[in-house]
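If you want the building blocks of each chain, they are given just below.
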Amino acid sequence: MEHGPEPILSVRNLKTYFFQDEGIVHAVDGATFDLYRGQTLGIVGESGCGKSVTARSVLRIVERPGRIVEGEIILRREQPNGQTDEIDLTKLNPDGALMRAIRGKDIGLIFQEPMTSFSAHYTIGNQITEAIRLHLKLSKAEARARAIEMLRLVGIPKPERRVDEYSFQLSGGLRQRAMIAMALACDPGILIADEPTTALDVTTQAQILALLERLQRERGMAIMLITHNLGVVAEMCDAVVVMYLGRVVEKGPVRQIFHNARHPYTQALLRSIPSIEAAPRVKLPTITGSIPHPYKRPKGCPFHPRCAHVMPGLCDVQTPALQPVAEHQEASCFLYHPSQ
Amino acid sequence: MTDQSKEILLDVRNLRKYFPIQKGFLRRVVGHVRAVDDVTLYVRRGETLSLVGESGCGKTTTARCIVRALKPTSGQILLRGPDGVVDLAPLPKRQLRPWRRHMQMIFQDPYSSLNPRMTLFDIVSEPMLVNGIKDRQTRMDRVAELLQLVGLRPEYMRRFPHAFSGGERQRIGIARALALNPSLVIADEPVSALDVSVQAQILNLLLDLQAQLGLTLLFVAHDLSVVKHISERVAVMYVGRIVETAPTPTLFAAPKHPYTEALLAAVPKPDPDLKGQRMLLEGEVADPANPPSGCYFHPRCRYALDLCRTVTPQQEEVAADHFVSCHRARELTLRGVKRT
């Protein structure tokens, strides 16, 4: 997909740590990536890789004892006069007026759990209307009309009736559609979708993915899609960021990541997924060991204890940085840039 | 792949399980949820049959009826034991006891299925204790042997489950299930709670164990790519009924039921070059408390005829080991998944 010259969101060397009694968890440990207008960027990784904390850091909703300790998150907003202004979100007060104005207005969010992300005490319409009236100067009646319009847009049948229903009256798929309607109600430039289809069945998942694609085409928003499902990434994304234990190990255009991955972790991850197209009852290549406990983070490259290409004396001592390995593609591995 | 000469170990015929819907002060029964509605399947000795379907289709209820954790409403569950075939469905609790050791379960969530206050030795040896193997040394030897079999060190038997990762816990659950040399192992979503890199390890372990011990496996899952890797035959369920059963290669390459086709098409393929080949299944899964008339799938089926709205299709054998419940099974040519 085509994208503008300037990223709408730039994350630079982001570090979000959780300060707990037992020690410090480096949930995000130096993540760097860009998101462009109209682009879908996939952030993939297994549990504990920091993909959700990255999203929460962007929205400044990291819960205590978590804290952004370093880095920049630059949001570029278009002003009514045609100029763009740059805001470093890490410098803002998370509870301040500006951050609250950005949340929902410039950046929308879809959570994984459609069940828990709506309140059961208010109707769907009530909650969508609240978000609309908070950010746009509309009367109650106008906001309600817009909420109904949004529900229609995301393909909810009979939106005039559904708007007065409660979240528990909707099925999982419809609830996720309502969630999308709420996230898009104020026409944000960026949509962060944190595992938007993980709790859904495959046929419902296909419906929701098609909906997100259509809405993106119509509105030109940028989507940051956080998922562990590589199939979803292949179908939806233009570019991919692969994370492991809080660090970006590889990033690049989706075709290059899937057909020409360079980092040993990306390669191993792609090989180990069971594919619907593979021959049946053939053993899968696996990654040895399991993801380390967050307190027992390996020294050096976080992947070295499980890596097949580990170079003793280098990988377990020094931490590799992201370096170009191909056009638009970067990886953090000493295999490609041994002398740092 | 499927060896038709092998004897049939488990033969389930017309299994039904209805749950009553009660209402009001007197708990009047106002209807039934038809969780399992006429399921017929068989499993041969030493093979893996997978039961797939979306959430709420009754696959777990079927599995729980087979191990008689639930009492079926009607139908037969014929299990071949050392001294002949017995119908488990009508047996009362007491008479079931000697049969329980022949059927063991592996559960979905490795975090809640192991008692945190018991050591590995206690957990894995409990089935032996229950079945009259009282001698401690015998049990210790057997536990050591089992732990080795599933890829854990025997020294670990004094430890508690919290010391292990998700994948290792699932191995413990497998060791427990194998403790009594059961003739049938029922695995209910054994890998869906695990990360992809660990998922592959557990799938490989199950394939290995089957080759070593000649295990018979009934594998309940929702992920079609996992199912393809593990099974010799696959049964697809929709709203309490089995719509298609076929040898794995046939089911994936040339499905005969429109629901199977839609399910295969909905799985996101981990290859960006296949983008945009999605086929959408509209609408939602039918309500098992109030299923549609005729074929339960007809409101969502693109090939539906008037006949489908009124007459319930019967299961028929269109080829060896290939059963389909569809009026148009013999005339339709449906799209499967390309082999790569």
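Novice: Looking at this structure, I do not really get the overall build of chain A. What am I missing?
Specialist: Along chain A, the regular secondary structure elements total 10 helices and 12 strands. Computed over the C-alpha atoms, the radius of gyration of chain A is 21 Å, within 12% of the 20 Å expected from 2.2 N^0.38 for a compact globule of 340 residues. Judged by the C-alpha coordinates and their principal axes, chain A covers about 65 × 50 × 45 Å. Split into buried and exposed, the 340 residues of chain A put 55% on the buried side. In chain A, 63% of the contacts between residues at least 6 apart in sequence involve partners at least 24 apart. Counting every atom, chain A has about 14700 Å² of accessible surface; 50% of that belongs to carbon and sulfur. Counting 39 positive and 36 negative side-chain charges, chain A places the averaged centre of each group 3 Å from the other.

Novice: Sorry, what's going on with unusual backbone geometry here?
Specialist: Among all residues except glycine, the phi angle is most often negative; among peptide bonds, the trans geometry is most common. Residue and element names in this part refer to chain A. Residue Pro65 follows Arg64 across a cis peptide bond; omega there is 5°. Within the secondary structure, Pro65 sits in the loop between helix 1 (51–59) and strand 4 (66–78). Positive phi, normally seen in glycine, also occurs at Glu195, with a value near 50°. With respect to the element layout, Glu195 can be found in the loop between strand 7 (190–194) and helix 7 (202–219). Residues other than glycine seldom take positive phi values, yet Leu245 does so here, at roughly 45°.

Novice: Would you mind showing me how to read the side chain of B:Glu261 here?
Specialist: Residues and elements named next belong to chain B. Take Glu261: it is sitting in helix 9 (residues 258–266). Only 2.9 Å separates the side chain of Glu261 from the backbone nitrogen of Arg335, close enough to count as a polar contact. Setting aside chain neighbours within four positions, we find Glu261 in contact with Pro255, Met279, Tyr303, Leu334 and Arg335.

Novice: How should the interface of chain A and chain B be read in this particular structure?
Specialist: Accessible area lost on assembly of the parts is the figure often given for the size of an interface. Taken together, the contact pairs 48 residues of chain A with 50 residues of chain B. Roughly 4400 Å² is buried in total at the junction of chain A and chain B, and carbon and sulfur atoms are behind 56% of that figure. By the criterion of area lost to chain B, the three top residues of chain A are A:Ile276, A:Glu277 and A:Arg281, representing 22% of everything that side buries. Remark: the boundary between chain A and chain B carries 3 salt bridges. Notably, a salt bridge pairs B:Asp273 with A:Arg255, separated by 2.5 Å at the nearest N-O pair. Linking chain A with chain B are 22 residue pairs in polar contact (both at pLDDT 80 or more), by the criterion used here. Mapped onto the side of chain A that touches chain B, the elements with two or more residues apiece are helix 7, helix 8 (230–236), helix 9 (254–259) and helix 10 (264–272) of chain A. Here the residues of the side of chain A that touches chain B are counted per class, giving 24 nonpolar, 14 polar and 10 charged.

Novice: Where do I start with the sheet that holds strand 3 (residues 40–44) of chain A in this structure?
Specialist: As a general point, the strands of a sheet are linked pairwise by backbone hydrogen bonds and lie either parallel or antiparallel. Residues and elements named next belong to chain A. Spatially, 8 strands are ordered 6-7-8-3-9-10-12-11 in an open sheet, and the strand pairing comes out mixed. Looking at the sheet topology across the chains shown, the edges are occupied by strand 6 (107–110) and strand 11 (323–326). On average, each strand axis in the sheet is tilted by 20° relative to the strand beside it, whichever way the strands run. Where strand 10 (residues 247–253) lies against strand 12 (residues 329–331), 2 bridges are found, and the strand directions are antiparallel.

Conventions we followed
- Within any chain, residue numbers begin from 1 and follow the written order of that chain's sequence.
- Throughout, the order in which chains and ligands are written sets their labels, letters from A for the former and numbers from 1 for the latter.
- Predicted model: local features are reported for residues with pLDDT of at least 70 only, side-chain atom pairs are reported and counted for 80 or more only, and whole-chain, interface and lining totals are derived from all residues.
- To get the side-chain values, all heavy atoms of the structure are used, and hydrogens and water are removed first.
- Each helix is a run of H or I in the DSSP string that is no shorter than four residues. Each strand is a run of E no shorter than two, and both are numbered from the N terminus.
- Using C-alpha atoms as the atom set, the radius of gyration is obtained and then compared with a globule rule of 2.2 Å times the number of residues to the power 0.38.
- Burial classes: relative accessible area under 20% of the type maximum marks a residue as buried, over 50% as exposed, and values in between as partly exposed (1.4 Å probe, protein chains only).
- Whether two residues are in contact is decided by their heavy atoms, any of which lying within 4.5 Å being enough.
- Per-residue and other accessible areas were derived by the Shrake-Rupley procedure at a 1.4 Å probe size, with only the shown protein chains allowed to occlude residues.
- A residue counts as positive if it is Lys or Arg and as negative if it is Asp or Glu; His and the chain ends are not included.
- Note on charges: their place is set at NZ of Lys, CZ of Arg, CG of Asp or CD of Glu.
- Whenever two N or O atoms come within 3.5 Å, that pair is a polar contact, provided that in protein one can donate a hydrogen and the other can accept it, and provided that, for residues adjacent in sequence, both atoms are side-chain atoms.
- Values labelled buried area give the accessible surface lost by two parts on being combined, using a 1.4 Å probe and summing over both.
- Salt bridges are defined by distance alone: a side-chain nitrogen of Lys or Arg within 4 Å of a carboxyl oxygen of Asp or Glu.
- Classes in brief: Ala, Val, Leu, Ile, Met, Phe, Trp, Tyr, Cys and Pro nonpolar; Asp, Glu, Lys and Arg charged; the others, Gly included, polar.
- In short, DSSP must find at least two bridges between two strands for them to pair.
- All axes here are fitted lines through C-alpha atoms, helices being fitted over the stretch that makes contact, and every angle between N-to-C directions spans 0 to 180 degrees.

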